[in-house]
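Residue-level listing of the chains:
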Amino acid sequence: MEPKKALITGITGQDGSYLAELLLSRGYEVHGLIRRASTFNTSRIDHILGSDGYVEPHDSSIKLYLHYGDLSDAEQINNIIYNVKPDEVYHLGAQSHVRVSFDIPEYTGNVTALGTTRILEAIRRSGLDIRFYQASSSEMFGGAEPPQDEETCFVPRSPYACAKLYSYWMAKNYREGYDMFASNGILFNHESPRRGETFVTRKITRGIAAILAKKAKYLYLGNLDAKRDWGFSPEYVEAMWMMLQAEKSDDFVIGTGETHSINEFLDEAFSYVGLNIDDHVRIDQKYFRPTEVDALRADPTKAEKDLGWKAKVTFKDLVKIMLDADLRAAGVEVPGEGDEIIQKKFETKWWKGD
Ligand code: NDP
Ligand code: GDP
């Protein structure tokens, strides 16, 4: 039987890289949309490519193919869908940073909102039977009281959240209007050693590693009172895959069900390495946002009931996993509890390179 084909937008991002590994481990032929950049932007998938950034994998048993394109370029998106003819499209590409979306609201709308329409239209016009996953976000809940589930009203509080909400509704409209298989995964924050360096969790774990490596003394942050439901990215990409294997398309909230403040993240992280927060953390107004999302906490009951998905990695586990990886990268002593958690909680670890 022919292997299933998947197209991933955002394959060079945190989730795209884990998802590519998951799908390859399940025998898929994987295609990814990448942007042309003047520097290598494939560092998160280089270990799969087995190369230093060249386009073709060296190992011919790995069916991973990269295509240049951009979410602002409908023509090329149409070409890729037409030529690849994927069975499943995982649309993860986006201008994904909330703080940055206040600086570039129009660009964020073009890529994060209209980019979704370009893909949905390309699928519709192809006439092919393609299953579509939309990377929706808990940021869409914004100002709504936690816990948030599939029935909670959306109160977006940033240009990013507005753009994601537009995409969420477009996916639903294509499902209802054209009978397309289009599912929204409303994922709460999820992190990993591959998380973008300017998101708060990774900024803290990298900052601590730099302090221990004597490369920095202070870590500058913004609002420490905001609360998030933080989970572990490799588990969340499994939920994406499960959504596209379900009998019918639907919308699912994915999260741990726990919420913690940035202050609590700092407490866990600094105590894990025996440093004092007050000696190293400083507040800088530039990291505050014009409108903030105060508290997010998922109610993931539906995902557990309908998909059989449940988070295994807790908040405390996540802090240790991320710190172990960043300490190792900085060449400083690694306590190793994070490595043990991965070994204990994942019988078969299908992702590599962390
Ligand atoms: P990342 O920021 O790590 O990855 C974003 C990806 O989108 C990168 O591959 C990036 O390419 C690509 N991209 C950005 N702009 C364009 C463009 N104009 N054309 C083509 N590709 C583009 O995000 P994550 O992996 O963390 O998240 C995946 C998706 O899930 C995103 O849509 C995000 O908004 C959403 N999401 C994430 C959550 C989280 O907590 N991580 C929570 C809920 C939703 P490049 O590498 O070249 O920059
Ligand atoms: P978000 O939930 O998608 O916006 O993920 P982030 O990791 O960017 O931010 C999570 C929370 O951390 C938000 O409430 C931010 O205001 C807060 N935060 C505090 N300091 C910082 C910082 O220095 N950088 C970032 N990115 N967020 C910060």
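In what follows, the structure referred to is the one given above.
For clarity, every value in this text was computed on a predicted model and none was experimentally measured.

Some remarks on the site of ligand 1
Taken together, the neighbourhood of ligand 1 is formed by 25 residues, with Thr 12, Leu 92, Ser 96, Tyr 160 and Lys 164 sitting nearest. In the environment of ligand 1, an oxygen atom lies 2.6 Å from a nitrogen or oxygen atom belonging to the side chain of Thr 12. A distance of 2.8 Å separates an oxygen atom of ligand 1 from a polar atom in the backbone of Leu 92. Listed by contribution, the elements that provide at least two residues to the shell around ligand 1 are α1 (14-25), α5 (105-126), β5 (131-137) and α6 (159-178). Examining the composition of the shell around ligand 1, we find that 3 residues originate from one element, β5, more than from any other. For the shell around ligand 1, the per-class residue count stands at 9 nonpolar, 11 polar and 5 charged.

Focus on helix α12 (residues 315-330)
End to end, α12 covers 23 Å across 16 residues, agreeing with the expected 22 Å (1.5 Å per residue, within 8%). Positive backbone phi, at 75°, marks Gly 331, one or two positions downstream of α12.

Section: unusual backbone geometry
Between Pro 146 and the following residue, Pro 147, the backbone shows a cis peptide bond with an omega angle of 0°. For Pro 147, the position within the fold is in the loop between β5 and α6. Of note, Lys 85 is a non-glycine position whose phi angle comes to about 50°, a positive value. Inspection of the secondary structure puts Lys 85 in the loop between α3 (74-84) and β4 (88-91). The class for Lys 85 is partly exposed, based on a relative accessible area of 39%. At Asp 179, a residue that is not glycine, the phi angle is positive and equals roughly 60°. Note on placement: Asp 179 falls in the loop between α6 and β6 (182-187). In this structure Asp 179 comes out as exposed when scored by relative accessible area, which is 71%.

Rules and cut-offs
- Residues numbered from 1 in each chain as written.
- Chains lettered and ligands numbered in written order.
- Predicted model: local features only at pLDDT ≥ 70, side-chain atom pairs only at ≥ 80, totals over all residues.
- Heavy atoms only, no water.
- Near = heavy atom within 4 Å.
- Polar contact = N/O pair within 3.5 Å; in protein donor to acceptor, adjacent residues only side chain to side chain.
- Helix = DSSP H or I, 4+ residues; strand = E, 2+ residues; numbered from the N terminus.
- Nonpolar A, V, L, I, M, F, W, Y, C, P; charged D, E, K, R; others polar.
- Expected span 1.5 Å × (residues − 1).
- Buried < 20%, exposed > 50% of the residue type's maximum accessible area, 1.4 Å probe, protein only.

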